[in-house]
Structure formats: C-alpha cells, structure tokens
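# Topology and contacts: notes
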Amino acid sequence: NAVKSKKMFEDELKELRAQQEGAADAAITLNGLSGASEAKLKSDNTRLRAQLEQMQQASSSSASALEGDSDKVSELKKELAAKEDEVSRLVNDKEKLEAYTKKTLQKFQEKYLVALQDCKAKLREKHERIEALEMRSASEKVAAKREEKLVSSALYELGLTMMQNKMNVNR
C-alpha cells in the first residue's frame, strides 16, 4: 500500500515537472506578451513549484515512513518468530513431561499394584488363619468343658460308689 502511494507521488511529481517545463517554454515563447499574462505565468510557476516541493516532501516523508514501517514489520516478524519458537519449545517440553509422567506412573502402578495385591493376599490368608484358629479354640473350649463335666461326673460317681462301699462294709 505504501509502495503504491510512493509510486503515485513520484508520477505526480513527474507530471508537475513536465508542466513546469512546459510553462517555462511557454513563458519563453510568450515573452513578448503583456505583463498581466507574464504575472499570471509567474504565479502559476510559483504555485507549481510549491506543489512540487510539497510533493517532494510528501514523497520523502512517505519513503522514510515506509522504511520505518518496514523496519517495524521486520522487527515484529522477528519477535513473532521468536515467540513461535518459544511456544513450540514449550509444547515439546510439555509433551515430553507428559510422556515421562505417564511412563513413571505406569511403572509405579505396576510395582506397587503387585505389592498391594501381595499384601492383600497375605492379609486374607492371615484373616482365614485367625478365623480357623478361633473356631478351633472355640471347639477346644467346648471339648474341654465337656471333658471337665465328664471328669466331675465321674468323680461324683466314684465318690458315691466309695460311700456306698463304706456303708456296706460298715454294716
């Protein structure tokens, strides 16, 4: 866009120079004309020179603005490229970190899942053993009480038998 405007200013500048040259040639040929015409030509010439100077200034300012803009554009492009590089580096680092985390988590889960399953199996075995021992203990207590009752009953019967024998002997 700026290049087009620069070219347009340069074209207008060429046209104005051509008009100025044409006006100068016309002034030379009409040198013998009246003073009013000469004054008009001089004022036109002055006006055209002022326009020419304005166009030259506009052209030089647009050219310097173009250079400044192109410098800014190239600087912004460099900054953009640096930011894109940083973003791609961060994305790459993120992907690496995610992969490492997944791999580490999988190893951790495999290692400790096996250990957890072993511990659960041992705990289940111990609970089963405790239950078996409690059942055995309960049955042994019942058997011991039964034996105690049988022994008590046998002693009572023995005592009765002995008393009866003593009574029979004493008679």
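Residues numbered from 1 in each chain as written. Predicted model: local features only at pLDDT ≥ 70, side-chain atom pairs only at ≥ 80, totals over all residues. Heavy atoms only, no water.

Our focus in this paragraph is the overall build of the chain. Broken down by element type, the chain carries two helices and zero strands. Sorting the 171 residues of the chain into buried and exposed places 6% on the buried side. (Helix = DSSP H or I, 4+ residues; strand = E, 2+ residues; numbered from the N terminus. Buried < 20%, exposed > 50% of the residue type's maximum accessible area, 1.4 Å probe, protein only.)

Turning our attention to the nonpolar core. Grouped together as the largest cluster of nonpolar side chains are five residues: Leu-13, Leu-16, Leu-48, Leu-52 and Met-55. Looking at this core, the elements that each hand over two or more residues are α1 (2–29) and α2 (35–170). A total of three residues in this core trace back to one element, the largest contributor, which is α2. Excluding its chain neighbours within four sequence positions, the residues that come into contact with Leu-48 are Leu-16 and Gln-19. (Core = buried A, V, L, I, M, F, W, Y, C linked by side-chain atoms within 4.5 Å. Contact = heavy atoms within 4.5 Å.)

Where nonpolar side chains cluster on the molecular surface, the patch consists of Val-151, Leu-155, Leu-158 and Met-162 and spans about 410 Å² of accessible area. Checked against the element boundaries, Met-162 lands in helix α2. (Patch = residues over 30% accessible without salt bridge, like charges linked within 9 Å, V, L, I, M, F, W, Y side chains within 5 Å. Areas by Shrake-Rupley, 256 points an atom, 1.4 Å probe, with all protein chains shown as cover. Salt bridge = Lys/Arg side-chain N within 4 Å of Asp/Glu carboxyl O.)

Let's shift gears to the packing of aromatic side chains. Taken as a whole and assessed by the stated rule, the structure comprises one aromatic pair. With 4.5 Å between their ring centres and 45 degrees between their planes, Phe-108 and Tyr-112 make a pair best called tilted. On the criterion of helical spacing, the pair formed by Phe-108 and Tyr-112 is a turn pair, its members being four residues apart in helix α2. Given a relative accessible area of 49%, Phe-108 falls into the partly exposed group. Relative accessible area serves as the criterion here: at 42%, Tyr-112 is assigned to the partly exposed category. (Phe/Tyr/Trp six-rings, centres within 6.5 Å; stacked < 30°, edge-to-face > 60°.)

Together, Asp-69, Asp-71, Glu-75 and Glu-79 make up a region of like negative charge exposed at the surface. Relative to the helices and strands, Glu-75 is located in helix α2. (Lys, Arg positive; Asp, Glu negative; His and termini not counted. Charge placed at Lys NZ, Arg CZ, Asp CG, Glu CD.)

A separate point is the pattern of salt bridges. Per the stated rule, a full pass over the model turns up four salt bridges. With a closest N to O distance of 3.7 Å, Arg-47 and Asp-44 form a salt bridge. Taken together, the residues span about one helical turn, with Arg-47 and Asp-44 both in helix α2 at a distance of three residues. Assessed through its relative accessible area of 44%, Arg-47 is described here as partly exposed. Asp-44 sits in the partly exposed class, given a relative accessible area of 23%. A salt bridge links Arg-136 to Glu-140, with the nearest nitrogen and oxygen atoms 3.1 Å apart.

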